[in-house]
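Per-entry structural report
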There are 2 protein chains.
Amino acid sequence: MASSAQPPTIHDVARLAKVSTSTASRVLGNYGRFSEATRKRVLDAIETLGYRPNSVARSMVTRRTDTLGVVCADISSPFFSGVVRGITDEARKSGYSILLTNTDEDVRSEREAVNLLIDKQVDGLIVATADVGDVEHLRAVRSHGKHVVLFDRPSSAVGADAVTVDDVAAMREAVTYLLSHGHRRIGILTELRIEREADWATLLRPGLDRLRGEINASAARLLGYLRAHRDAGVEVDPSLVGRTGGYDVEGAAEATRRLLASPARPTALVTTDNMMTLGAYQAVRELDIEMPRDLSFVGFDNLDWTTLVRPALTVIEQPVHEIGARAARKLIDRLNGDEGPPELIELPTSFLVRESVAAV
Amino acid sequence: MASSAQPPTIHDVARLAKVSTSTASRVLGNYGRFSEATRKRVLDAIETLGYRPNSVARSMVTRRTDTLGVVCADISSPFFSGVVRGITDEARKSGYSILLTNTDEDVRSEREAVNLLIDKQVDGLIVATADVGDVEHLRAVRSHGKHVVLFDRPSSAVGADAVTVDDVAAMREAVTYLLSHGHRRIGILTELRIEREADWATLLRPGLDRLRGEINASAARLLGYLRAHRDAGVEVDPSLVGRTGGYDVEGAAEATRRLLASPARPTALVTTDNMMTLGAYQAVRELDIEMPRDLSFVGFDNLDWTTLVRPALTVIEQPVHEIGARAARKLIDRLNGDEGPPELIELPTSFLVRESVAAV
DNA sequence: AGGCCATGAGGGAACGTTATCGCAGCTTGA
DNA sequence: TCAAGCTGCGATAACGTTCCCTCATGGCCT
């Protein structure tokens with residue numbers, strides 16, 4: 001085992017086929033001219049040597065690696081793993097591989113990851129940036145001519161394509177649904193990690209409209225929540241906004257407990273992503289609140305357990321796999337010369353009505 | 001945007017610093033000799049040019065890519081995404097990146113994936129092989145001196161390290177628990193995709209012992225089930241083995257329905273992985289069977305929803321993240337020259353008793 | 001004062017490809 | 001019969017690194 005013989009190179013092939021490396025390369029790449037006879041000789045040599053071209057060497061000269069860099073927060077989350085699956089499926093169709101990195105929503109890790117991927121000469125980047133307001137590193141990548149596609153968190157500052165769902169509309173629909181069921185105190189669980197967004201009340205100020213692409217997905221979802229209230233003419237009690245420090249389940253559970261312990265506790269709860277959904281639901285479970293009688297619940301992301309619990313959860317579904325597939329597709333199109341201004345691809349969400357919402 | 005200027009090379013750095021590329025390379029790599037003055041000049045040049053070494057070119061000469069290839073069935077499954085997270089975490093610590101591929105449990109895809117990764121010159125491979133009996137391609141990789149670490153499905157035929165859990169013991173413990181609660185008709189949900197394993201009764205034959213490393217994880221788990229019965233002197237009714245064609249949730253649900261529709265239906269159900277757990281639980285839910293009164297249930301994998309449903313599910317937990325981390329660690333150790341025969345790392349499982357099992 | 005050695009730095013080959021260019025030798029047509 | 005074109009192939013220069021070797025310089029010891 002572990003025979004130390006180096007694998008055959010194209011020179012070995014050429015020697016065996018009694019041609020020059022140029023000729024061998026030509027039949028391999030199927031370009032230029034060569035006779036049928038030499039083609040066969042080269043192919044035979046390849047066969048008998050078990051020759052496989054060295055992609056690294058090839059990349060040196062072609063200046064492409066046929067590899068896409070993916071930067072996500074945490075591959076073990078159902079959202080990201082679903083998206084990444086979509087990315088790999090689409091990428092593979094076009095002969096691209098995936099180099100994967102996690103950031104845990106940390107901008108510094110993200111910068112490191114991006115640098116690493118660029119150093120490895122990936123042909124393009126697909127990234128869910130940790131902070132749409134801190135994207136200088138992504139702008140830099142773009143300005144060097146590398147293509148970037150964002151997902152989940154579009155940021156117009158990057159000047160890159162992005163694929164997301166219409167977060168505002170999705171959440172607005174859900175909250176409107178809740179409001180139409182008579183709920184007036186609707187709690188929302190959201191992670192506003194970014195300091196400048198923590199003061200979410202200011203989101204209300206600038207028209208509540210037109211600031212897409214400047215805020216993170218969770219802030220956009222909160223915005224949808226606010227707009228639904230505004231549309232219905234219902235005042236929002238700031239204490240109903242359960243803000244968690246970071247993207248973690250325990251934080252969401254904790255915030256939910258606080259929300260539900262308040263004297264004027266909400267009659268309905270809505271969450272802004274899969275972590276929040278899980279944490280919030282856990283907390284509700286612990287408290288032994290009967291759902292939907294004593295509390296209505298709308299989750300974010302159609303996680304597979306949401307149909308398993310009783311009552312089954314009404315949720316906002318994102319087309320997870322498709323988000324990834326479309327992002328990869330767009331990136332590859334760009335690599336193939338697709339020009340034009342950055343495109344914002346907004347995929348539709350589905351509001352799946354199940355059993356966790358009741359009229360108050 | 002998209003300035004077409006090529007990024008600076010080490011030659012540019014050398015020119016600006018007024019040294020030779022050799023010298024520039026030396027300070028970059030911090031080897032050989034150079035004066036403090038030139039060190040500073042080179043570093044300054046790097047700084048002002050924003051030079052970043054091209055990993056591809058470096059790989060050409062160093063013959064390493066600092067990249068590990070990962071071959072799994074489906075990154076979107078909670079098991080694999082958890083393992084891959086463990087892999088990336090550990091790999092990153094040592095400066096390795098991850099090239100990710102999915103096989104959907106298809107041996108042909110697996111071969112393609114392995115070839116691709118080898119062509120891309122990954123330093124080593126971490127793979128959950130689709131079929132422990134069809135591993136010629138992995139043997140070949142090993143025999144060319146590339147290191148491979150298997151996970152979830154060890155196969156002694158590969159001659160590679162492997163990290164798994166003790167599937168037999170894990171399942172034996174669970175089933176013994178069920179038996180001790182008086183259950184005599186315990187259904188098991190398992191995917192025996194591989195034809196030669198479909199005739200599982202033959203697993204009983206060869207001693208029921210000593211064939212670790214020759215069978216897939218699910219077969220090993222079935223084996224644990226059989227051994228527990230043998231230990232307790234309880235005969236196994238072959239009709240209690242719910243075999244699904246492939247690794248899919250719907251197949252598991254279907255098999256569960258069949259099992260539960262039988263006149264002499266099982267009083268307990270045990271599953272062999274997360275897909276089976278989900279599918280089986282779905283079917284049980286649909287049938288509105290009261291758990292654990294009318295049916296006891298032991299799931300495989302501590303999925304986060306298993307504590308959310310009522311009753312909470314008693315499960316066999318695998319240390320998912322650690323499986324990945326240990327696999328990566330072992331591979332990196334090998335790359336660092338760790339010699340010795342292939343090691344089989346068996347991580348402990350935990351049997352988490354919750355509320356889904358009752359005495360009959 | 002002369003020889004030696006340590007120090008610092010440059011030259012250049014190599015890694016395995018791709019692809020441009022030029023050049024024989026042959027065919028073709030006027 | 002000879003120019004022109006075409007066909008098939010080889011030489012060779014990249015691509016951006018690393019690192020081995022060689023060499024000049026200067027200081028120190030005897």
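Residues numbered from 1 in each chain as written. Chains lettered and ligands numbered in written order. Predicted model: local features only at pLDDT ≥ 70, side-chain atom pairs only at ≥ 80, totals over all residues. Heavy atoms only, no water.

Taking an unreviewed UniProt entry as the reference, chain A is identified by name as LacI family DNA-binding transcriptional regulator belonging to Nonomuraea ferruginea.

Further remarks concern the overall build of chain A. Along its length, chain A carries 14 helices and 12 strands. In terms of C-alpha radius of gyration, chain A reaches 26 Å, well past the compact-globule figure of 21 Å for 360 residues. Along the three orthogonal principal directions, the C-alpha set of chain A runs to about 85 × 40 × 30 Å. The buried share of chain A, taken over its 360 residues, is 55%. (Helix = DSSP H or I, 4+ residues; strand = E, 2+ residues; numbered from the N terminus. Rg over C-alpha atoms; globule rule 2.2 N^0.38 Å. Buried < 20%, exposed > 50% of the residue type's maximum accessible area, 1.4 Å probe, protein only.)

So, about the pairing of strand 4 (residues 147-151) of chain B. All names here are of chain B. Strand 4 sits mainly inside the fold: 4 of its 5 residues count as buried. The pairing of strand 3 (residues 124-127) with strand 4 spans 4 bridges and is classified as parallel. From the neighbouring strand, Gly124 faces strand 4, where its bridge partner is His147. Read from strand 3 through helix 7 (residues 136-143) to strand 4, the crossover connection turns out right-handed. As judged from the 3 bridges shared by strand 4 and strand 5 (residues 161-165), these two strands associate in the parallel manner. Directly across from Val149, in strand 5, lies its bridge partner Asp161. (Pairing = 2+ DSSP bridges. Right-handed = clockwise from strand over helix to strand, strands pointing away.)

With that out of the way, let us pick up the packing of helix 1 (residues 10-17) of chain B against helix 3 (residues 36-49) of chain B. Residue and element names in this part refer to chain B. Interhelical geometry of helix 1 versus helix 3 gives an angle of 125° and a closest axis separation of 8 Å. Comparing their axes, helix 3 and helix 1 come out oblique. Crossing geometry of helix 1 relative to helix 3 is assigned as right-handed. On helix 3, the residues touching Asp12, Val13, Leu16 and Ala17 of helix 1 are Arg41, Val42, Ala45, Ile46, Thr48 and Leu49. (Axes fitted to C-alpha atoms, helices over the stretch in contact; angles between N-to-C directions. Parallel < 35°, antiparallel > 145°, perpendicular 65-115°, else oblique. Left-handed = near helix turned anticlockwise from the far one by under 90°. Contact = heavy atoms within 4.5 Å.)

Residues and elements named next belong to chain A. For the structure shown, the criterion picks out 10 aromatic pairs over all chains. Summarising the aromatic geometry, the rings of Tyr177 and Phe351 are spaced 5.0 Å apart at their centres and angled 70° between planes, so their arrangement reads as edge-to-face. Pair noted here: Tyr177 is in helix 8 (residues 167-180) and Phe351 is in strand 12 (residues 350-352), with a separation of 174 residues, a long-range link. Through successive ring pairs, a cluster of aromatic residues spans Phe79, Phe80 and Phe151. (Phe/Tyr/Trp six-rings, centres within 6.5 Å; stacked < 30°, edge-to-face > 60°.)

Taken together, 26 residues lie near DNA strand D, and A:Ser20, A:Thr38, B:Ile10, B:His11 and B:Tyr31 sit nearest. When the atoms of DNA strand D within 4 Å of the protein are grouped by moiety, sugar and phosphate amount to 62% of the total. At 2.6 Å from a phosphate oxygen of DNA strand D is found a main-chain nitrogen or oxygen belonging to B:Ile10. Put simply, the parts of the chain that give the surface near DNA strand D at least two residues each are helix 2 (21-29) and helix 4 (55-62) of chain A together with helix 1, helix 2 (21-29) and helix 4 (55-62) of chain B. If one sorts the elements of the surface near DNA strand D by residue count, helix 4 of chain B sits on top with 4 residues. Tallied by class, the residues present in the surface near DNA strand D amount to 11 nonpolar, 10 polar and 5 charged. (Near = heavy atom within 4 Å. Polar contact = N/O pair within 3.5 Å; in protein donor to acceptor, adjacent residues only side chain to side chain. Nonpolar A, V, L, I, M, F, W, Y, C, P; charged D, E, K, R; others polar.)

Turning our eyes to something else, we now look at the interface of chain B and chain A. In this assembly, 53 residues from chain B lie in contact with 53 residues from chain A. Interface area for chain B against chain A, summed over the two sides, is near 4,700 Å², with a carbon-plus-sulfur share of 52%. Here chain B and chain A share 10 salt bridges between them. Note that B:Arg52 is salt-bridged to A:Asp119, the shortest N-O span being 2.7 Å. Linking chain B with chain A are 27 residue pairs in polar contact (both at pLDDT 80 or more). At the level of elements, helix 4, helix 5 (78-93), strand 2 (97-102), helix 6 (107-119), helix 7 and helix 13 (274-286) of chain B are the ones that each hand at least two residues to the side of chain B that touches chain A. Ranked by the residues each element gives to the side of chain B that touches chain A, the list is headed by helix 5 of chain B, at 6 residues. Of the residues in the side of chain B that touches chain A, the class split is 18 nonpolar, 20 polar and 15 charged. Where strand 2 (residues 97-102) of chain A lies against strand 2 of chain B, 3 bridges are found, and the strand directions are antiparallel. (Buried area = accessible area lost by both parts, 1.4 Å probe. Salt bridge = Lys/Arg side-chain N within 4 Å of Asp/Glu carboxyl O.)

Now for the relation of the copies chain B and chain A. Superposing chain B onto chain A takes a rotation of 180° combined with a translation of 0.0 Å along the rotation axis, leaving an RMSD of 0.0 Å. The superposition operator between the copies reduces to a two-fold rotation axis. A shared binding surface is used by both copies, with 100% of the interface residues of chain B retained as interface residues in chain A. (Least-squares fit on C-alpha atoms with pLDDT ≥ 70 in both.)

The next thing to look at is the state of the cysteines. Summed over the entire model, instances satisfying the criterion amount to 0 disulfides over all chains. Here A:Cys72 is not cross-linked by a disulfide; its sulfur's nearest cysteine counterpart is in B:Cys72, at 13 Å. In this structure A:Cys72 comes out as buried when scored by relative accessible area, which is 0%. (Disulfide = S-S within 2.5 Å.)

The subject of this paragraph is empty space enclosed by the protein. Tallied over the entire structure, the rule returns 2 cavities of 30 Å³ or more. Of the pockets and cavities examined, the largest cavity occupies roughly 230 Å³. Along the wall of the largest cavity there are 16 residues; nearest its centre are A:Val56, A:Thr65, A:Lys120, B:Val56 and B:Lys120. Contributing elements (two or more residues each) for the lining of the largest cavity: helix 4 of chain A together with helix 4 of chain B. (1 Å grid on protein atoms, 1.4 Å probe; cavity = no way out; pocket = protein on both sides within 12 Å on 5 of 7 lines; lining within 4 Å. Points joined across faces, edges and corners; volume = space filled by probe spheres on them.)

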